[in-house]
Amino acid sequence: MKIGILTSGGDCPGLNAVIRGAVLKGTATYGLELVGYRDGWRGVIEGDVVDLPRTAVRGIAKQGGTILGTSRTNPFEDGGGPEVIKDHMGRLGIDAMIAIGGEGTLAAAKRLMEAGIKIVGVPKTVDNDLDATDYTFGFDTAVEIATEAIDRLRTTGESHHRCMIAEVMGRHVGWIALHAGMASGAHAILIPERRVSIDEIAGWVKLAHDRGRAPLVVVAEGFVPEGMDSPYSERGLDTFGRPRLGGIAEQLAPEIEAYTGIETRATILGHIQRGGVPTAFDRVLATRLGMAAVDSVADRRWGTMVSLSGTDIVHVGLGAALGRLKTVPRHRYDEVRVLFG
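Residues numbered from 1 in each chain as written. Predicted model: local features only at pLDDT ≥ 70, side-chain atom pairs only at ≥ 80, totals over all residues. Heavy atoms only, no water.

1. A few points about the overall build of the chain
Filter applied, for reference: Comment: elements are numbered from the N terminus, with helices defined as DSSP H or I runs of at least four residues and strands as E runs of at least two. Values of the radius of gyration come from C-alpha atoms, whereas the globule rule sets the reference at 2.2 Å times the count of residues to the power 0.38. Remark: exposure states derive from per-residue accessible area (1.4 Å probe, protein chains only) relative to the maximum for the residue type, with buried under 20%, exposed over 50%, and partly exposed in between. Every residue pair with non-hydrogen atoms within 4.5 Å of one another is taken to be in contact.
Each helix and strand counted, the chain has 10 helices and 11 strands in total. Over its C-alpha trace the chain gives a radius of gyration of 22 Å, about what one expects of a compact globule, namely 20 Å for 341 residues. In terms of overall dimensions, the chain has C-alpha extents of about 70 × 35 × 30 Å along its principal axes. In the chain, which comprises 341 residues, the proportion classed as buried is 55%. Sequence-distant contacts, at least 24 apart, represent 73% of the contacts inside the chain between residues at least 6 apart.

2. What about a nonpolar patch on the surface?
Our working rule: Patch membership requires over 30% relative accessible area and the absence of a salt bridge. Like charges are linked within 9 Å, and nonpolar side chains (Val, Leu, Ile, Met, Phe, Trp, Tyr) within 5 Å. Each accessible area value is a Shrake-Rupley result obtained with a 1.4 Å probe; residue values ignore everything except the protein chains displayed when judging cover. Each salt bridge in this description consists of a side-chain nitrogen of Lys or Arg and a carboxyl oxygen of Asp or Glu lying within 4 Å of one another.
On the surface, a nonpolar cluster with roughly 300 Å² of combined accessible area is contributed by M182, V338 and L339. When you line up the elements, L339 lands in the segment after α10 (330-337).

3. Quick word on the nonpolar core
We count it as follows: Residue types Ala, Val, Leu, Ile, Met, Phe, Trp, Tyr and Cys, when buried and joined through side-chain atoms within 4.5 Å, form a set referred to as a nonpolar core.
I5, I98 and F137 are the most contacted members of the largest nonpolar core, which totals 82 residues. Membership of the second largest hydrophobic core comes to 22 residues, among which are L6, V35, W41 and L106.

4. With respect to the sheet that holds strand β9 (residues 264-268)
Let me state the cut-off plainly: By definition, two strands form a pair when at least two bridges between them are found by DSSP. Note on definitions: angles span 0 to 180 degrees between N-to-C directions of axes, and those axes are lines fitted to C-alpha atoms, for helices only across the stretch in contact.
With parallel pairing, the 4 strands of this open sheet are ordered in space as β7-β8-β6-β9. The two strands at the open ends of the sheet, each matched to only one other strand, are β7 (188-190) and β9. On average, adjacent strands in this sheet sit at an angle of 15° to one another, irrespective of strand direction. Two elements, strand β6 (residues 163-168) and strand β8 (residues 216-220), share 5 bridges in a ladder whose sense is parallel. Across the sheet, residue I165 finds its bridge partner in β8, namely V217. Strand contacts of helix α5 (residues 139-160): β6, β8 and β9, with the helix running at about 165° to β6, the strand carrying the most contacts.

5. Observations concerning the side chain of S8
Tracing the backbone through its elements, the reader meets S8 in the loop between β1 (2-7) and α1 (15-29). Apart from the residues within four sequence positions on either side, S8 is in contact with G40, W41, T70, S71, I100, G101, T105 and K124.

6. Let's talk about helix α7 (residues 198-210)
Since the α-helix packs 3.6 residues into each turn, any two residues three or four apart lie on the same face. What counts is decided by this rule: Given a helix with a known number of residues, its expected span is that number minus one, times 1.5 Å. Arc, as used here, means the arc of the directions from the helix axis to the C-beta atoms.
In this model, α7 (13 residues) spans 18 Å end to end at C-alpha, consistent with the 18 Å of a helix rising 1.5 Å per residue. All of the buried residues along α7 are I198, I201, A202, W204, V205 and A208. Along the long axis of α7, the arc covered by the buried residues comes to 155°, so they all point the same way. Against the buried residues of α7 lie β6, β7, β8, α8 (248-260) and α10.

7. A closer look at unusual backbone geometry
Glycine aside, a negative phi is what most residues show, and trans is what most peptide bonds show. Unusually for a residue other than glycine, D78 sits at a positive phi of about 55°. Tracing the chain through its elements places D78 in the loop between β3 (49-51) and α3 (82-92). Although it is not a glycine, N128 sits at a positive phi angle of roughly 65°. Along the chain, the position of N128 falls in the loop between β5 (119-123) and α5. On the basis of relative accessible area, N128 is assigned to the buried category, the value being 1%.

Encoded structure:
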């Protein structure tokens, strides 16, 4: 059996470990032949593949990004569609696919499976917002990077007696902000799931400053303060028609300074959160998911994805990850809110 692997959507630390896990188990345990589609769905609709023998994945688990490349191509547009994909699979002798990606990728995989293409999924999102899995690889790395950056911002804030605002990723959910803020001892954490007024934010900042601390605020890019209708966006739309977020920290900084009289500076961490080498946790999780995806292929569990449940890797339907985001529950935010100010 010949299997094609693709990585789609945004890059993410741990993608290469998934590829490595799938190739090593696929060849050693099942005698499978594996190939990689170049640049995600673009490679699928164009039949652009590269061989993935064992030697091709040597040492890649510790590398960031993806050796296969990625794109945000829609497999049902740009000359694609199930019949085109089936024709390329037949020409290349590919029997089934492993699709590694987020909600958009998994939704496309489900549609292709319903059109008769044999496919299994591996969940991937730095934001940790996919349902039906406890954690996604890349999240731990993003939190670690954000925490280190925020720790560095704190020393500058303390030296100059400033309030520092760190903006982290999180379009719809605040998992990175919650974990990085808690780890770095933030005096306020602002997430998309909870609206907070400028008055309340300024109150937390003032309390910290009055105790002789340099206030530290961590905000997710999708946070919407009370009084705003939608997340802050001034950079137009992405290829999927979604607003390009980023800049809420820079909007909050002058308002906090005006309310408190405390010099306030903003830093947007941006893409550095998803770059670089994955943490040990993400390497292990990604490797396990890659190996389990090959088990799904061998067992012909088409239309399923592998996921983390507790410490176990399980198999669930692709639909379980779609339609509902895994948001930060109220009790988790209330748990950390007692530390604010």
